[in-house]
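A closer look at the structure
Listed here are the chains, written in short residue letters.
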Amino acid sequence: MPRPLYERELYRLQTELVKLQEWVRAEDARLVVIFEGRDAAGKGSTIKRITQHLNPRVARIAALPRPTEREQTQWYFQRYTEHLPAAGEIVLFDRSWYNRAGVERVMGFCTPAEHQIFLRQCPVFERMLVEDGILLRKYWFSVSDEVQEQRFRRRLSDPTRRWKLSPMDLESLTRWEEYSRAKDEMFVHTDIAESPWYVVESDDKRRARLNMIAHLLSTVPYHDVAPQTLELPPRPPATGYRRPPRDLQTYVPDHAAGLE
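So, here is what we can say about the structure in this document. Computed from a predicted structure; not experimentally measured. (Residues numbered from 1 in each chain as written. Predicted model: local features only at pLDDT ≥ 70, side-chain atom pairs only at ≥ 80, totals over all residues. Heavy atoms only, no water.)

Further remarks concern the sheet that holds strand S2 (residues 59-62). The five strands are arranged S2-S3-S1-S4-S5 in an open sheet whose pairing can be described as parallel. A single partner strand is all that each edge strand has here, and the edge strands are S2 and strand S5 (197-201). The average angle at which neighbouring strand axes cross in this sheet is 20°, direction not considered. Summarising the sheet, strand S4 (residues 135-142) and S5 pair through five bridges and their orientation is parallel. Its bridge partner being in S5, Lys138 is matched across the sheet by Trp197. Lying over the sheet, helix H2 (residues 43-51) contacts strand S1 (30-37), S2, strand S3 (89-94) and S4, oriented at roughly 155° with respect to S1. (Pairing = 2+ DSSP bridges. Helix = DSSP H or I, 4+ residues; strand = E, 2+ residues; numbered from the N terminus. Axes fitted to C-alpha atoms, helices over the stretch in contact; angles between N-to-C directions. Contact = heavy atoms within 4.5 Å.)

We now examine helix H6 (residues 112-131). In an α-helix, one turn spans 3.6 residues; hence positions three or four apart end up facing the same way. Between the first and last C-alpha of H6 there are 29 Å, a value that for 20 residues agrees with the 28 Å anticipated at 1.5 Å per step. At Gln121, H6 shows its largest kink, close to 35°, and the proline Pro123 lies no more than four residues downstream. All buried positions along H6 are accounted for by His115, Phe118, Leu119, Cys122, Pro123, Phe125, Glu126 and Leu129. On its buried face, H6 sits against helix H4 (78-81), helix H5 (103-107), S4 and helix H9 (176-190). (Expected span 1.5 Å × (residues − 1). Bend = angle between axes of the 7 residues up to and from the residue. Buried < 20%, exposed > 50% of the residue type's maximum accessible area, 1.4 Å probe, protein only.)

Dropping the structure here:
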């Protein structure tokens, strides 16, 4: 997708996201958006574009680390519930409770019995969220094996993105079919009417971001909320304040002055 066309439409959609945010806040709504999919499928970059112009006090990202020893003894969904939104909040889950159906299932981090319990309980859990009034949206970012490998190679050579690549990510290359089977089984059990899965084709990242954001907006019945009327007050007259001498403070060196 040409960059000018992409950036123009992205800005328009981001403007709509701000309107959505203000509607969520005004209506005391609760919105949960789940981002799942293959490693390097574009989940993080899409989340970044969604939150770029939003208020972090309203829209926050939940990207949980590996569970602690204590959390491993809890009911599986317990550590996720504390991150659910209160009234007037949006939570974007950068991976979610579906870890159990994906990486934990494939890598053997849970037992087959725990996996089966998850598949039975997850639809019940999500129906409870929806029945309580939470707006739940689930997106699966689908990327081909060829494009995933290309993105991994770019990460290896890019020092700003090298941190995104872990030994666990590399395992996804050699276990491609295992992850595919786990995803298919997960969809069978959790693609339910109350909280369906929406698949985002993400070989083209720009197109994927626009498609996902536009779809999200289309599923929420938001409307314009009139902003509070604000006027800049007149600046009061000076009362004799003098700024302290510059040599009494430590300034950041002018690094930019040396650039060409």
